Amino acid sequence: MFYINHPFKNIFLSAVFFVVTSFFSNKIIAQENEEKAFHPHHQIGLSINHVHVFEGRDDEGNREVLSLPAWGLDYTFQFHAKWGIGLHTDFIIEKFKVEKNLENGDEKETVERSYPIAPAVMGIYKPNEHWSFLLGFGGEFAKEEDYFLTRAGVEYSYELPKGWEIFGTVSYDFKWNAYDSWGIGLGIAKNFGGK
């Protein structure tokens, strides 16, 4: 029978406990790191949004802040753990009038917009697993007139099982020589092609 001297018994058992727990905790951490290893993937997202226009006009030409319903359809290719590129498109599902407050000159023109579609090629920086910062360029297209735009945005996402995630988004569109708007939305996305 193996006998340990009493003064060293507690030290010996503590050392054995420390070695065993260190071994298993290192094994668990290694497995978690393997599971969280990055793999390039594609993502398709759909969101329901509200687009806000501060220079909106009512039927009499009076100024009003507009809150317009919209859909967002986003494609993203995440090629690096922190970087991605995508085509993010907003579909405003209403007609509205807006003053072109960013146009040069003294006279500000009021224009009508009919169901505009606004795609933008976006560069995406993802500093951690939840936050994404977006910046890109595109256009807003409607039957009346087309505008070049710059879009900036922030997204917060939460991963769900089987490659799904939910996200919240805030974006700001600067339509050159026209008007600006900002949007807020909530959506769901699916990842494809990751290992």
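> Please clarify how the packing of aromatic side chains should be interpreted in this entry.
The geometry of an aromatic ring pair is captured by two quantities: the separation of the ring centres and the angle between the planes. In the structure shown here, the tally under the stated rule is 8 aromatic pairs. Ring centres of F137 and F148 lie 6.1 Å apart, and the angle between their planes is 10°; on these two criteria the pair is classed as stacked. Of the two residues, F137 sits in strand β7 (residues 131–141) while F148 sits in strand β8 (residues 146–159), which places them 11 residues apart along the sequence. Note on F137: relative accessible area 46%, which makes it partly exposed. Classification of F148 as partly exposed rests on a relative accessible area of 44%.

> Explanation requested: the environment of H130 in the structure shown.
Considering the arrangement of structural elements, one finds H130 in the loop between β6 (117–125) and β7. For the pair H130 and F167, spaced 37 residues apart in sequence, the C-alpha to C-alpha distance is 8.9 Å. Here H130 is in contact with E155, Y156, S157 and Y158, once residues within four sequence places are set aside.

> Could you clarify how one ought to interpret the environment of G183 in this entry?
Of note, G183 is situated in strand β10 (residues 180–192). Residues G183 and P69, 114 residues apart in the sequence, show an inter-C-alpha distance of 9.6 Å.

> Before we go on, may I ask you to explain the nonpolar core in this structure?
The tendency in soluble globular proteins is for nonpolar side chains to be buried as a group. Of all hydrophobic cores here, the largest spans 12 residues; its members are V51, V53, L66, L68, A70, I92, F96, V98, V111, Y147, A178 and Y179. When contributions to this core are tallied by element, the ones reaching two or more residues are β1 (41–57), β2 (63–78) and β4 (95–99). Residues within four places of V53 in sequence aside, it is in contact with E64, V65, L66, L68, V98, Y179, D180 and S181. The next biggest cluster of nonpolar side chains, apart from the first, holds 6 residues, and it includes A118, M122, L134 and L149.

> What should I look at first to understand the side chain of T150 in this one?
Secondary-structure assignment places T150 in strand β8. Side chain to side chain, T150 and W176 meet in a polar contact 2.9 Å long. With residues up to four places along the chain from it excluded, the contact list for T150 reads L135, G136, F137, Y172, D173, F174 and W176.

> Explain the confidence of the model for the chain here, please?
Chain-level pLDDT for the chain is 86 on average; 79% of the residues reach the 70-or-more range. Scored below 50 in pLDDT, residues 27–35 makes 0 contacts in the model with residues more than four places away or belonging to other chains.

> What is the right way to look at the pairing of strand β3 (residues 83–92) in this model?
Two elements, β2 and β3, share 9 bridges in a ladder whose sense is antiparallel. Bridge pairing in β3 links W71 to F91. Hairpin connection between β2 and β3: a loop of 4 residues separates the two successive antiparallel strands. By the bridge criterion, 9 bridges tie β3 to β6 in an arrangement that is antiparallel. Across the sheet, residue L87 finds its bridge partner in β6, namely V121.

> What is the right way to look at the pattern of salt bridges in this model?
It is possible for side chains bearing opposite charge to pair when their charged atoms get close. Evaluated as defined, the whole model comprises 9 salt bridges. A salt bridge links E109 to K100; the nearest nitrogen and oxygen atoms lie 3.9 Å apart. Of the residues examined, E109 reaches a relative accessible area of 39% and is grouped as partly exposed. One network of salt bridges, with partners in common, ties together E55, R57, R63 and E99.

The rules behind the values
Residues numbered from 1 in each chain as written. Predicted model: local features only at pLDDT ≥ 70, side-chain atom pairs only at ≥ 80, totals over all residues. Heavy atoms only, no water. Phe/Tyr/Trp six-rings, centres within 6.5 Å; stacked < 30°, edge-to-face > 60°. Helix = DSSP H or I, 4+ residues; strand = E, 2+ residues; numbered from the N terminus. Buried < 20%, exposed > 50% of the residue type's maximum accessible area, 1.4 Å probe, protein only. Contact = heavy atoms within 4.5 Å. Core = buried A, V, L, I, M, F, W, Y, C linked by side-chain atoms within 4.5 Å. Polar contact = N/O pair within 3.5 Å; in protein donor to acceptor, adjacent residues only side chain to side chain. pLDDT = per-residue confidence, 0-100. Pairing = 2+ DSSP bridges. Salt bridge = Lys/Arg side-chain N within 4 Å of Asp/Glu carboxyl O.

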